[in-house]
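Structural overview for review
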Amino acid sequence: MGSATNRNPARRLDDASSLAGLQEFRPRLTIVVVILTLMVAVVGWRIARDTGARRVDVLAREAIGLFDAGPSTTAAAAPPDAAEAQGRFRDLSGVPIGFPRDDVDFVPVEVRGETFAKRPGASLRFRYAGKGYLLVASARDRLLGASPVAAFPEGSFVSGERNGRSFVLWEREGASCIVVSDADVTQVFDLVRRLFT
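First, a word on scope: everything that follows refers to the structure included in this document. (Residues numbered from 1 in each chain as written. Predicted model: local features only at pLDDT ≥ 70, side-chain atom pairs only at ≥ 80, totals over all residues. Heavy atoms only, no water.)

1. A word on the pattern of salt bridges
Operational definition: Criterion for a salt bridge: a side-chain nitrogen of Lys or Arg within 4 Å of a carboxyl oxygen of Asp or Glu. Elements are defined by DSSP. Helices are runs of H or I of four residues or more, strands are runs of E of two residues or more, and each kind is numbered from the N terminus. Relative accessibility thresholds used throughout: buried, under 20% of the residue-type maximum; exposed, over 50%; partly exposed, between the two (1.4 Å probe, protein chains only).
Evaluation of the coordinates by the stated rule reveals four salt bridges. Note that Glu110 and Arg112 form a salt bridge whose closest N and O atoms lie 4.0 Å from each other. Of the charged contacts, one joins Arg194 and Asp190 as a salt bridge, the two residues approaching to 3.0 Å between their closest N and O atoms. Here Arg194 pairs with Asp190, and both are found in helix H4 (residues 185-195), just four residues apart, close to one helical turn. On the basis of relative accessible area, Arg194 is assigned to the partly exposed category, the value being 47%. In the salt-bridge network here, residues are joined through shared partners; they are Glu110, Arg112 and Glu114.

2. A short note on the packing of aromatic side chains
Note the cut-off: Any Phe, Tyr or Trp ring, taking Trp's six-membered ring, that has another such ring centre within 6.5 Å forms a pair; planes under 30 degrees apart are called stacked, those over 60 apart edge-to-face, and the others tilted.
For the structure on display, the rule yields nine aromatic pairs. Ring geometry for Phe99 against Phe196: centres 6.2 Å apart, planes inclined by 80 degrees, an arrangement best described as edge-to-face. Here Phe99, found in the loop between helix H3 (82-93) and strand E1 (106-116), pairs with Phe196, found in the segment after H4; they are 97 residues apart in sequence, far enough to count as distant. Summarising the aromatic geometry, the rings of Phe157 and Trp170 are spaced 6.2 Å apart at their centres and angled 40 degrees between planes, so their arrangement reads as tilted. Separated by 13 residues along the polypeptide, Phe157 in strand E4 (residues 157-162) and Trp170 in strand E5 (residues 165-172) bring together distant segments of the chain.

3. Focus on the pairing of E1
The criterion, for reference: Strand pairing is defined by DSSP finding a minimum of two bridges between the two strands.
In terms of strand pairing, E1 meets strand E2 (residues 119-128) through ten bridges, oriented antiparallel. Residue pairing for E2: Glu114 is matched across the bridge by Gly121. The turn joining E1 and E2, which pair antiparallel and follow one another in sequence, is formed by two residues; a positive phi near 60 degrees is taken by Ala117.

4. Regarding unusual backbone geometry
You will see that Ala129, though not glycine, has its phi angle at about 55 degrees, which is positive. Checked against the element boundaries, Ala129 lands in the loop between E2 and strand E3 (131-139). On the basis of relative accessibility, which here comes to 53%, the residue Ala129 falls in the exposed class. If you check the backbone angles, Asn163 has positive phi at about 50 degrees while not being a glycine. Here Asn163 is to be found in the loop between E4 and E5.

5. Some remarks on the nonpolar core
Our working definition: Buried Ala, Val, Leu, Ile, Met, Phe, Trp, Tyr and Cys residues that are joined via side-chain atoms within 4.5 Å together make up what is termed a nonpolar core.
Ranked by internal contacts, the top residues of the largest apolar core, which has 26 residues, are Phe99, Leu135 and Phe196. Only H3, E1, E2, E3, E5, strand E6 (175-181) and H4 provide two or more residues apiece to this core. Of all hydrophobic cores here, the second largest spans 14 residues; its members include Leu59, Ile64, Leu66 and Ile178.

Right, here's the structure in full:
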């Protein structure tokens, strides 16, 4: 007894099936399912592409490049004091970060304007307890009016290491801030928590 495929909807039998286990091949339904699957895949790919992890990677790469570039050749012979460095940093970046003024281990070396994350910002090259650090800050994009778009929740920190450099990234008060050093990542994280938050 061979299996017969009954294509007449009025005479459709319950046991009629195809080799794939489907009742019948329906080209319109198949096309719609394929198109919907592709749409979901494209939307998922775009969401994954624009996630915070990618943004963190780009910010870390840029900041490490600035750290490796070293101080400019026009750096002042006498380093600025913390109050002067803080004022210049705020003027260049628009980011209100307070620098420690009574800590003798904190020595600002240079403040200069930078383009960071395709936005104007500022960098502070400083030494703390003999080790070199770079703080870079830039105002974040505001895509939805007055509400800021963060790569990760406010108050959170992202730390990591790349090419022998440690970095700690955080976002606050409408700005992205990152500290880079060749010190251990736990030391950099501790320094950020004590001095800048």
